[in-house]
Structure formats: C-alpha cells, structure tokens
Amino acid sequence: MRVLVTGSEGFLAARLISTLRIDPRISEIRRFDRALGHDLRDSRAVAAAVADCARIYHLAFVTGATAARDWAGALETNIVGTANLLAACARLAHAPVFVFASAVAVYGPTPDGIVDDDTPATGTGPYASAKRALEILIADAARSGRVDGRSIRLPTTMVRPARIEPTTAGFLSDLVVARANGRDFAAHLPLDTPVAVAGLRRTVSALRVAGEAEGAAFGPARVAGLPTIAASARAVMAACDRVLGPRPGAVVERPDARVQALIATWPQVVRSARASALGLDADETLDDIVRRYRDDPDGVQNP
C-alpha cells in the first residue's frame, strides 16, 4: 500500500510518518511539503504524488496568523490546494482513504465551552472557515464515491518542543518547554483559563485510526472531534512541578487582548461519541503529557 502525507515536514506529520513506517502493510510513504519544493497549487505535481496511493493524510495547511496576514495566499494553498488533491484522487481507479486534519477552531464559541458531535460549526476567520469549508467538500466527495473521506478535528497538541518564543495556539506547549528549561514565561491570558488539549501520542493515534476505520464511523458529515482534556496554564505549571520538580523561571500574566479574543472562541472540552466508538477517548493526564515530554523531548519515540 502506498501512502501520501502532505505537510510531511511539519512537527505532527513527521511524527505520524514515524509510526506509519512500522506498518508492514505500507510499501511506500510519499512526502509532500513546500519545504521539499512541492506546491499544492501545482495540479500536475499533486496528481503525480497521488498516483497509485491508497491513503492520503492531508496535514498541509496555512494556519493562524499567517493565514490572517496573507488571506489570498492562504486561500490558494488551503482551498485550491486541497481541491487539487481531491480532483487527483477522483481520477484514480479506486477511491482512496482521505484523512483531513481539521481543527476544533471550526466549532466556534459555545455558552459552556463544551462541544460534541451535534455542536454546530460556527467558527470564523480565515483558518476556521477554510477548515470547515474543506470538511464539507470532503464529505461531498465521499458521498459521491470519489474519496473515502473523513475529517478529524484536532485540538492543541502537547508538547511541541521546537518553538522558543510563545505562540498563540501552542502557548501551553511553550509553557512546558519553558518550565523544563528553567526559563521565564509570560502568559498572555489569565492562568486559570481552560483550553481543550490532547497529548502528542493521542493526536498521532487519532490520525492513524482515522485512516484505518470505516468511513461510515464518521457519520454522514464524515467528521469527528478528538476527545480532549481541559488544561489551564496554572494546571500545566502544577503538572510540571509534580513531574519535573521545582524549577527556576517565573511565570507571569501579561494579558494580550488579541490572544484572549481568539482563545475565547475555542472549546474548553471536546466530546465525541463517534471518536469514543473508535477508541479515541482521552486517556491521559497533564502529568502523563509532561512525563512523555521529559522522557522524549523531541517526540520521536513511537507514540
């Protein structure tokens, strides 16, 4: 079986590939990434990459602040690029499994911060809107038999160790890295603000399960959310203290209105009966997540 992974040089995709390599059913893993000189907007290059593939993991995406700064460029890569992938898949002799890494950003704000399979998608902005639009397109392609599509809505994944400067979506990962290295950290929102997160092992497992499960398990919309745990900066600090011991470095609140406004639209807890039926319930604690980072800072061990 041949497999294609887009966004292959990204943190999450690279860890997914490391687990796919040990699957004896997979004869070839093709990597597609702009860091390798590839371009999803190039329909010929995309068609060549998709040829003879039985499964596609689509993780390439222009995200967050980058999408906001270059709306037109993000639209071309995210929407046109994914359309090129689907068109190439539709020309194959057999409909391949098509796994799309969507995001919890599509849910939008809810009164209690809790979302499930029946929560309407109301997320706005260039990132959330593109993710939702592509979910719809993939579901339609699945209904017409062009691909065996399924979208998995991923939360913030912990721990992504490569970043040094604080980021928006990954600020809790940045906090773990800062605590582990004894660095000061400025939290851009109140320390008790909860955010839905999942550990790296759980997220990689979700992508693999999404590729191996029956498409019907994702319902008519071909979508499932990954169940999460709720984490706040204060809870992450406590987990770091328990697992790593007392560390130097101060954590201070430095409110940022832009970050606060964005995080206010994220869910605090994701529940999904569809994902639960696939064995993807959250089965980890913040201590587990910090411990795995302590033992494997680069996240390269088989999750």
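Source: prediction; values computed, not measured. (Residues numbered from 1 in each chain as written. Predicted model: local features only at pLDDT ≥ 70, side-chain atom pairs only at ≥ 80, totals over all residues. Heavy atoms only, no water.)

Student: So what exactly am I meant to see when it comes to the overall build of the chain here?
Tutor: Summing up its helical and strand segments, the chain has 11 helices and 13 strands in all. A compact globule built from 303 residues should have a C-alpha radius of gyration of about 19 Å, and the chain, at 19 Å, falls within 12% of that. In terms of its C-alpha atoms, the chain occupies a principal-axis envelope of roughly 60 × 40 × 40 Å. A sequence separation of at least 24 residues applies to 80% of the contacts in the chain between residues at least 6 apart. Carbon and sulfur atoms make up 52% of the accessible area of the chain, which totals about 13,300 Å². (Helix = DSSP H or I, 4+ residues; strand = E, 2+ residues; numbered from the N terminus. Rg over C-alpha atoms; globule rule 2.2 N^0.38 Å. Contact = heavy atoms within 4.5 Å. Areas by Shrake-Rupley, 256 points an atom, 1.4 Å probe, with all protein chains shown as cover.)

Student: Which parts of the structure should I look at to understand the nonpolar core?
Tutor: When a protein is soluble and globular, its nonpolar side chains tend to lie buried together. Counting 32 residues, the largest nonpolar core has M158, L172, V176, V197, V236 and L286 as its most contacted members. Mapped by element, the contributors of at least two residues to this core are α6 (171–180), β8 (185–187), β9 (195–199), β11 (229–231), α8 (233–244), α9 (257–263) and α11 (286–295). Ignoring sequence-local partners within four residues, the contact set of L286 consists of V197, I229, A231, A235, V236 and A239. Grouped together as the second largest cluster of nonpolar side chains are 29 residues, L59, V99, V204 and A206 included. (Core = buried A, V, L, I, M, F, W, Y, C linked by side-chain atoms within 4.5 Å. Buried < 20%, exposed > 50% of the residue type's maximum accessible area, 1.4 Å probe, protein only.)

Student: Help me understand the pattern of salt bridges in this model?
Tutor: A side chain of one charge can pair with a side chain of the opposite charge when the charged atoms of the two come close. Overall, the coordinates contain 22 salt bridges when judged by the stated rule. Of the charged contacts in the structure, one is a salt bridge between R202 and D283, with a shortest N-O distance of 2.7 Å. With R202 in helix α7 (residues 200–212) and D283 in the loop between α10 (273–277) and α11, this residue pair connects regions lying 81 residues apart in the sequence. We classify R202 as buried; its relative accessible area is 9%. It is possible to trace a salt-bridge network through shared partners that takes in D23, R25, R208 and E212. (Salt bridge = Lys/Arg side-chain N within 4 Å of Asp/Glu carboxyl O.)

Student: Can you walk me through the sheet that holds strand β4 (residues 97–103) in this structure?
Tutor: Strand-to-strand pairing in sheets goes through backbone hydrogen bonds, with the strands running parallel or antiparallel. As summarised here, the arrangement of the 6 strands in space is β2-β1-β3-β4-β6-β10, forming an open sheet in which the pairing is parallel. Two strands close off the open sheet at either side, each with one partner strand: β2 (28–32) and β10 (223–225). Neighbour to neighbour, the strand axes of the sheet diverge by 20° on average, direction disregarded. As paired strands, strand β6 (residues 148–154) and β10 are joined by 3 bridges and run parallel to one another. Of the residues in β10, the one forming a bridge with S151 is V223. Of the strands in this sheet, β4, β6 and β10 touch helix α5 (residues 126–143), which is tilted by about 155° from β4. (Pairing = 2+ DSSP bridges. Axes fitted to C-alpha atoms, helices over the stretch in contact; angles between N-to-C directions.)

Student: What is the right way to look at the sheet that holds β11 in this model?
Tutor: Spatially, the 3 strands line up as an open sheet ordered β7-β9-β11, and their pairing is mixed. Each of the sheet's edge strands pairs with one partner strand only, and the pair in question is β7 (156–158) and β11. With strand direction ignored, the average angle separating the axes of adjacent strands in the sheet is 55°. Of the pairings in the sheet, the one linking β7 to β9 comprises 3 bridges and is parallel in character. Looking across to β9, one finds that T157 is bridged to A198. Strand contacts of α6: β7, β9 and β11, with the helix running at about 20° to β7, the strand carrying the most contacts.

Student: What am I meant to see in the side chain of R208 here?
Tutor: Structurally, R208 can be placed in helix α7. At 3.2 Å, the side chain of R208 and the side chain of D23 are in polar contact. Those residues in contact with R208 that lie beyond four places of it in its chain are L16, T19, L20, D23, R25 and Y57. (Polar contact = N/O pair within 3.5 Å; in protein donor to acceptor, adjacent residues only side chain to side chain.)

Student: How should the packing of α6 against α8 be read in this particular structure?
Tutor: Any two packed helices are characterised by how steeply their axes cross, that is the angle between the axes, and by the distance between the axes. Between α6 and α8, whose axes approach to 10 Å, the crossing angle comes to 35°. Read as a crossing pair, α6 and α8 show a hand that is right-handed. Two secondary-structure elements touch here, α6 through L172, L175, V176, R179 and A180 and α8 through A233, V236, M237, C240, D241 and L244. Looking at the contact of α6 with α8 residue by residue, the class counts come to 9 nonpolar, no polar and 2 charged. (Left-handed = near helix turned anticlockwise from the far one by under 90°. Nonpolar A, V, L, I, M, F, W, Y, C, P; charged D, E, K, R; others polar.)

Student: It is not clear to me how the environment of R294 should be interpreted in this structure. Could you clarify?
Tutor: Tracing the backbone through its elements, the reader meets R294 in helix α11. Judged by its relative accessible area of 40%, R294 is partly exposed. Taking the C-alpha atoms as reference points, R294 and V159, 135 residues apart in sequence, are found 10.0 Å from one another. Excluding anything up to four places from it in sequence, R294 contacts V243 and L244.

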